[in-house]
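# Overview (structure and organization)
Below are the chains, spelled out letter by letter.
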Amino acid sequence: MTQQDALINYCLRLGDTSLILGQRMAEWTSNGPTLEEDIALTNISLDLFGQARTFLTYAGEVEGKGRTEDDFAYHRNEREFYNTLLSERPNGHFGDTIARNFLHAAFLYHLYSALTKSKDDKIAALASKSLKEVTYHLRHSSEWIVRLGDGTVESHQKIQDSINDLWMFTGDLFVMNEVDELLIKEGIAANLNEIKKLWDNTVNEVLQRATLKRPIDGFMQKGRLEGRHAECLGHLLAEMQFLPRAYPDATW
Amino acid sequence: MNYLNKYTRQQIWDFLAEIPDPEIPVITIVDLGVLREIEILPKKVIITITPTYSGCPAMKLFEDEIKKKLHTEGIENVELKMVYSPAWTTDWINDAALEKLKNYGIAPPVKGSEDKGVLFKNGPKVVQCPQCGSNETELKSQFGSTACKALYQCKDCLEPFDYFKCI
Ligand SMILES: [Zn+2]
């Protein structure tokens, strides 16, 4: 594997994760529990789409074959997506969405923080831009975790169930392969073993404050590095990709 | 025609200083700090801008407006460059614009305030109500009508208002 191949793959991982989570959040449009929350969820979606665009565009630049952000978003099949398994989990009820977003935002927050020091100038610049936005996402979801966890008996039980159900997808966030190995050596990528420690601290702090229990690590579902996804990603892509595939001549 | 003989950097800067923000028409792209660089070449003018938020829908409009404006001023060949580093911050909004925001009914970002903290920081301590000037206000939602704003409510005059949040 060349450094160029590794860098393309790394950009796709970051871009795909933001794209898929952004699409999930867009599904909340007009379905939020309150008007303010509807606006918050869709604003988060907008930030994520913006981040996805910059990373996918950069993947195309590194590849040098003229592929654009749209080519990557609309003309790949599910096995060619490298988003985290957590990002594709269905929205469920509001608590499920908040739990997923929280576990994910804590990951992206620490990942982008580390990537601001990347030796690849473009990655460092995009990470510092994204970090500012993800900081707001993390605050938004962590405050809800506390509000629901430390709320009523019913809200406490529901958000605990949501965390428990999603826990098996958190192991996938931190798996690494030869792409990471190569790019870490070059000072470009972040070591996910280090990110895991920081993520643990943040998650523990918030769960404790929310009077919630951290689930015990059991079986962890993995697959993002190989593009192995849950069935739900196919349904998401079918909706997201339908128009440009059915009408290839359509333009913005 | 040679652009180098015909225009100065300040002139082009002034042209672009007339372009209003599409969402907040009282301030311009120069006020916001979105315009970063102007480079005049013999046959081309390169304009460098930076996005406020990654997903800000106004960026495409900014690009179109910049081209349109320069075309009307006789500059046909315009190249737009987007830079991401250093990342845009609300600290770049100039003081005159902060005042304009306030008069328009949007509480300006409280510079260097602690709403840049990560967990459990409910925005800056004091956001002044742009309607009545009261300091007794509360955060209703971190996300407002656009990506750059949060929603507040005044406890004195009871009016809701937008706060241009710090990033
Ligand atoms: Zn007031």
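Predicted, not measured: the structure shown is a model, and the values here were computed from it.

Calculation criteria
Residues numbered from 1 in each chain as written. Chains lettered and ligands numbered in written order. Predicted model: local features only at pLDDT ≥ 70, side-chain atom pairs only at ≥ 80, totals over all residues. Heavy atoms only, no water. Donors = N, O, S within 2.8 Å, 3.2 Å for Na, K, Ca; no water. Tetrahedral: all angles 85-135°; square planar, octahedral: opposite > 155°, others 65-115°. Helix = DSSP H or I, 4+ residues; strand = E, 2+ residues; numbered from the N terminus. Buried < 20%, exposed > 50% of the residue type's maximum accessible area, 1.4 Å probe, protein only. Arc of directions from axis to C-beta. Contact = heavy atoms within 4.5 Å. Axes fitted to C-alpha atoms, helices over the stretch in contact; angles between N-to-C directions. Parallel < 35°, antiparallel > 145°, perpendicular 65-115°, else oblique. Nonpolar A, V, L, I, M, F, W, Y, C, P; charged D, E, K, R; others polar. Pairing = 2+ DSSP bridges. Domains from an automatic or database assignment. Buried area = accessible area lost by both parts, 1.4 Å probe. Salt bridge = Lys/Arg side-chain N within 4 Å of Asp/Glu carboxyl O. Polar contact = N/O pair within 3.5 Å; in protein donor to acceptor, adjacent residues only side chain to side chain.

### Examining the coordination of the zinc ion
Tetrahedral coordination by four donors places them ideally at 109.5 degrees to one another around the metal; octahedral coordination by six donors ideally gives 90 or 180 degrees. Residue and element names in this part refer to chain B. With distances of 2.3 Å, the protein atoms coordinating the zinc ion are Cys129 (SG), Cys132 (SG), Cys154 (SG) and Cys157 (SG). Considering all four donor atoms around the zinc ion, angles at the metal cover 105 to 113° and the coordination shape is tetrahedral. Here the donor residues of the zinc ion are spaced in sequence according to C-x2-C-x21-C-x2-C. Residue cysteine 129 is found in the loop between strand 4 (106-107) and strand 5 (137-141), and its partner cysteine 154 is found in strand 6 (residues 149-154); the two are separated by 25 residues along the sequence.

### Concerning helix 5 (residues 95-104) of chain B
Residue and element names in this part refer to chain B. By the burial criterion, the buried members of helix 5 are Ala97, Leu98 and Leu101. Viewed along the axis of helix 5, the buried residues span an arc of 105°, placing them on a single side of the element. Residues of helix 5 that are exposed and point over 90 degrees away from its buried face: Asp95 and Asn103. Buried-residue contacts for helix 5 involve helix 3 (29-32), strand 4 and strand 7 (160-164). Once helix 5 ends, the next one or two residues include glycine 105, with phi positive near 105°.

### A few points about the environment of Glu186(A)
All names here are of chain A. Residue position: glutamate 186 is located in the loop between helix 7 (178-185) and helix 8 (192-209). What makes glutamate 186 partly exposed here is its relative accessible area of 39%. On a C-alpha basis, the gap between glutamate 186 and serine 128 in space is 19 Å, while along the polypeptide they are 58 residues apart. With residues up to four places along the chain from it excluded, the contact list for glutamate 186 reads Gln3 and Lys119.

### Digging into the packing of helix 5 (residues 121-149) of chain A against helix 6 (residues 153-166) of chain A
Residues and elements named next belong to chain A. At a closest axis distance of 7 Å, the pairing of helix 5 and helix 6 adopts a crossing angle of 130°. Compared by their axis directions, helix 5 and helix 6 come out oblique. Residues Ile145, Leu148 and Gly149 of helix 5 form the contact with helix 6, whose own contacting residues are Ser155, His156, Ile159 and Ile163. By residue class, the composition of the contact of helix 5 with helix 6 is four nonpolar, three polar and no charged.

### Considerations on the pairing of strand 7 of chain B
Residues and elements named next belong to chain B. A large share of strand 7 lies buried, amounting to four of its five residues. One ladder, built from two bridges, connects strand 4 with strand 7; its direction is parallel. Considered in strand 7, the bridge of isoleucine 106 is made with aspartate 162. Bridge analysis of strand 6 against strand 7 gives five bridges, and the strand direction is antiparallel. Looking across to strand 7, one finds that glutamine 153 is bridged to proline 160. Counted along the chain from strand 6 to the antiparallel partner strand 7, the turn is five residues long, and its residue leucine 158 has a positive phi close to 70°.

### Examining the sheet that holds strand 7 of chain B
Either a parallel or an antiparallel arrangement is found when strands of a sheet pair, and the pairing is made through backbone hydrogen bonds. Residues and elements named next belong to chain B. Taken together, four strands build an open sheet; the order of strands is 4-7-6-5 and the sheet is mixed. Each edge of the sheet is formed by a strand with only one pairing partner; in this case those strands are strand 4 and strand 5. Pairing of strand 5 with strand 6, which is carried by four bridges, proceeds in the antiparallel orientation. Looking at strand 6, one finds that serine 141 is bridged to leucine 151.

### So, the domain arrangement of chain B
All names here are of chain B. The domains assigned to chain B are domain 1 (3-82) and domain 2 (95-164). Taken together, the eight residues of domain 1 in the interface contact ten residues of domain 2. When the area that domain 1 buries against domain 2 is broken down by residue, the three leading residues are Ile24, Val26 and Tyr53, summing to 55%. Linking domain 1 with domain 2 are one salt bridge, by the criterion used here. Between aspartate 31 and lysine 100 there is a salt bridge, with the nearest N and O atoms lying 3.0 Å from each other. The interface formed by domain 1 and domain 2 contains one residue pair in polar contact (both at pLDDT 80 or more). Within the side of domain 1 that touches domain 2, the residues separate by chemical class into six nonpolar, no polar and two charged.

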